[in-house]
Amino acid sequence: MRTRTNSRALFSTLLMIAALGAACSKKPVAQAPPPPPPPMAEPPARPTVTLQASPTFIQKGQSTKLTWSSTNATSLTLSPEIGAVTAEGTQTVSPQDAITYTITATGPGGSADSSVHISVSVPPPPVVIHEPSMQELFDKGVKDAYFDYDKADIRADARDALSQTAQFLKSYPQMKVVVEGHCDERGSTEYNLALGDRRAAAAKQFLVSLGIAADRLETVSYGKERPFCSAATEECYTQNRRAHFAMGK
C-alpha cells in the first residue's frame, strides 16, 4: 500500500517538474511600443520693426522724412502725434524742437519697437546790415577846425582836419555845407561875432583852395552864443574856438 502511494507522489512531482520546464522554455510575447507624442505647435514669430529719419539734424522750420518697415506685425503705432500706420511707409514731419519718434509693432508673437531722434537747431538771426544815414556819414567824415585864442589863422592840425573834410565833400558833390564860426566866452558879444565870422571864412577859403566849390559852402558866425562846453576852463575854451560844419539844405 505504501509503495503505491509513493509512486503516486513521485508521478505528481514529475508532472510538476515537466510543467515548470515547459513554462520556463516558453518565450514572452513582445508588447507594441507606445505611440509618439503629437508634434508641438511652433510659437508665432516675434514682430520686427525699423525706423529711420533723413536727415536727423535740421534747422527749425525745415522738414525730415521718417521711413519704417516691419514683419510679423498686425498693428503699428508711430508716436508722438502720428498714430496708426501701415506695415511700411514714410511720413514727412517738421518738428519745432528736438524730438524722439518711436514706432511700436504688435503681433501674435509679441511686440517690438524702434526709435529715432531728430535734433532741431534754431537758425541764427538774420544779419542786419546797417546802412548809415547821410548824417552819420557826414558826422564821421567831416572834421572841425580849431583855432588859437583870438586868432583866425589855420593851424597845422586844422589843415589836416579840413583836408579830411574836403575829401569827404568830394565824394558827395551835391552836398552843401554850412561853416559855423565859434568862439570862447571871453570878449564882448560883438567882438566874438566878428571873430567867429573870420574863422568861418578862413575855413571856407581853405576848402575852396582844396577844390571845393565856393557855392557849396555857406558861412555863419555864432560868436560865443553856442558853446560846445560851458565850463570856464582853458580846456573848454579850446573846444569852443572852432569852425564847425553842418549839413546844408
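(A) Looking closely at the overall build of the chain. Helix and strand counts for the chain come out as five helices and twelve strands. Within the chain, contacts between residues separated by at least 24 positions form 63% of all contacts whose residues are at least 6 apart in sequence. Approximately 16500 Å² of the chain is accessible, and the part contributed by carbon and sulfur atoms is 56%.

(B) Quick look at the packing of helix H2 (residues 134-141) against helix H3 (residues 156-171). Their axes nearest at 9 Å, the elements H2 and H3 cross at an angle of 150 degrees. Viewed along their axes, H2 and H3 adopt a mutual orientation that is roughly antiparallel. Here Leu137, Phe138 and Gly141 of H2 come into contact with H3, specifically with Gln164, Thr165 and Phe168. Across the contact of H2 with H3, the residue classes tally to three nonpolar, three polar and no charged.

(C) Spatial organisation of H3. Here H3 is 16 residues long and its end C-alpha atoms lie 23 Å apart, about the 22 Å a rise of 1.5 Å per residue gives. Structurally, H3 contributes buried residues whose contacts are with H2, strand E9 (145-146), strand E10 (177-182), helix H4 (189-209), strand E11 (217-223) and strand E12 (242-247).

(D) View of the nonpolar core. The biggest cluster of nonpolar side chains holds 22 residues, and the ones touching the most others in it are Phe138, Ile154, Leu162, Leu169, Val177, Leu207 and Phe245. Those elements that place two or more of their residues in this core are H3, E10, H4 and E12. Excluding residues within four positions of it along the chain, Phe138 makes contact with Phe168, Met175, Val177, Phe245, Ala246 and Met247. Val49, Ala53, Ile103 and Ala112 belong to the second-largest nonpolar core, a separate cluster that totals 18 residues.

(E) Looking closely at the side chain of Thr64. Mapping Thr64 onto the fold places it in strand E3 (residues 64-71). With relative accessibility at 1%, the residue Thr64 sits in the buried group. In terms of polar contacts, Thr64 uses its side chain to reach the backbone carbonyl oxygen of Ser54, at 3.2 Å. From its side chain, Thr64 meets the backbone oxygen of Pro55 in a polar contact 2.4 Å long.

(F) Expanded view of the environment of Thr233. Mapping Thr233 onto the fold places it in the loop between E11 and helix H5 (234-240). Residue classification places Thr233 among the partly exposed positions, given a relative accessible area of 37%. Between the C-alpha atom of Thr233 and that of Asp184, which follows or precedes it by 49 residues, the distance is 10.0 Å.

(G) Representation of the sheet that holds strand E1 (residues 48-54) within the structure. Reading across from one edge, E1-E3-E6 is the order of the three strands in this open sheet, with antiparallel pairing throughout. The open sheet is flanked by E1 and strand E6 (89-93), the only strands paired with a single partner. Neighbour-to-neighbour, the strand axes of this sheet turn through a mean angle of 20 degrees, independent of strand direction. As defined by bridge partners, E1 adjoins E3 across seven bridges and the pair is classed as antiparallel. Paired with Gln52 across the strands is Thr67, a residue of E3.

(H) Quick peek at the packing of H3 against H4. Two elements in contact, H3 and H4, have axes separated by 10 Å at closest approach and are oriented at 55 degrees. Judged by the inter-axis angle, H3 sits oblique to H4. Judged by the twist between their axes, the crossing of H3 over H4 is right-handed. Taken together, the residues of H4 that come into contact with H3 (itself represented by Arg159, Leu162, Ser163, Thr165, Ala166 and Leu169) are Ala203, Phe206 and Leu207. Taken together, the residues that form the contact of H3 with H4 break down as six nonpolar, two polar and one charged.

(I) Structural detail: the packing of aromatic side chains. A complete count under the given rule lists two aromatic pairs for this structure. An angle of 80 degrees between the planes, with centres 6.0 Å apart, marks the rings of Phe138 and Phe168 as edge-to-face. You can see Phe138 sitting in helix H2 and its partner Phe168 sitting in helix H3, a full 30 residues away along the chain. Here Phe138 matches Phe168 in class, with each residue buried. Relative to Tyr172, the ring of Phe168 lies with its centre 4.9 Å away and its plane at 40 degrees, an arrangement referred to as tilted. Among the aromatic residues, those joined into a ring-pair cluster are Phe138, Phe168 and Tyr172.

What counts, and at which threshold
- Residues numbered from 1 in each chain as written.
- Predicted model: local features only at pLDDT ≥ 70, side-chain atom pairs only at ≥ 80, totals over all residues.
- Heavy atoms only, no water.
- Helix = DSSP H or I, 4+ residues; strand = E, 2+ residues; numbered from the N terminus.
- Contact = heavy atoms within 4.5 Å.
- Areas by Shrake-Rupley, 256 points an atom, 1.4 Å probe, with all protein chains shown as cover.
- Axes fitted to C-alpha atoms, helices over the stretch in contact; angles between N-to-C directions.
- Parallel < 35°, antiparallel > 145°, perpendicular 65-115°, else oblique.
- Nonpolar A, V, L, I, M, F, W, Y, C, P; charged D, E, K, R; others polar.
- Expected span 1.5 Å × (residues − 1).
- Core = buried A, V, L, I, M, F, W, Y, C linked by side-chain atoms within 4.5 Å.
- Buried < 20%, exposed > 50% of the residue type's maximum accessible area, 1.4 Å probe, protein only.
- Polar contact = N/O pair within 3.5 Å; in protein donor to acceptor, adjacent residues only side chain to side chain.
- Pairing = 2+ DSSP bridges.
- Left-handed = near helix turned anticlockwise from the far one by under 90°.
- Phe/Tyr/Trp six-rings, centres within 6.5 Å; stacked < 30°, edge-to-face > 60°.

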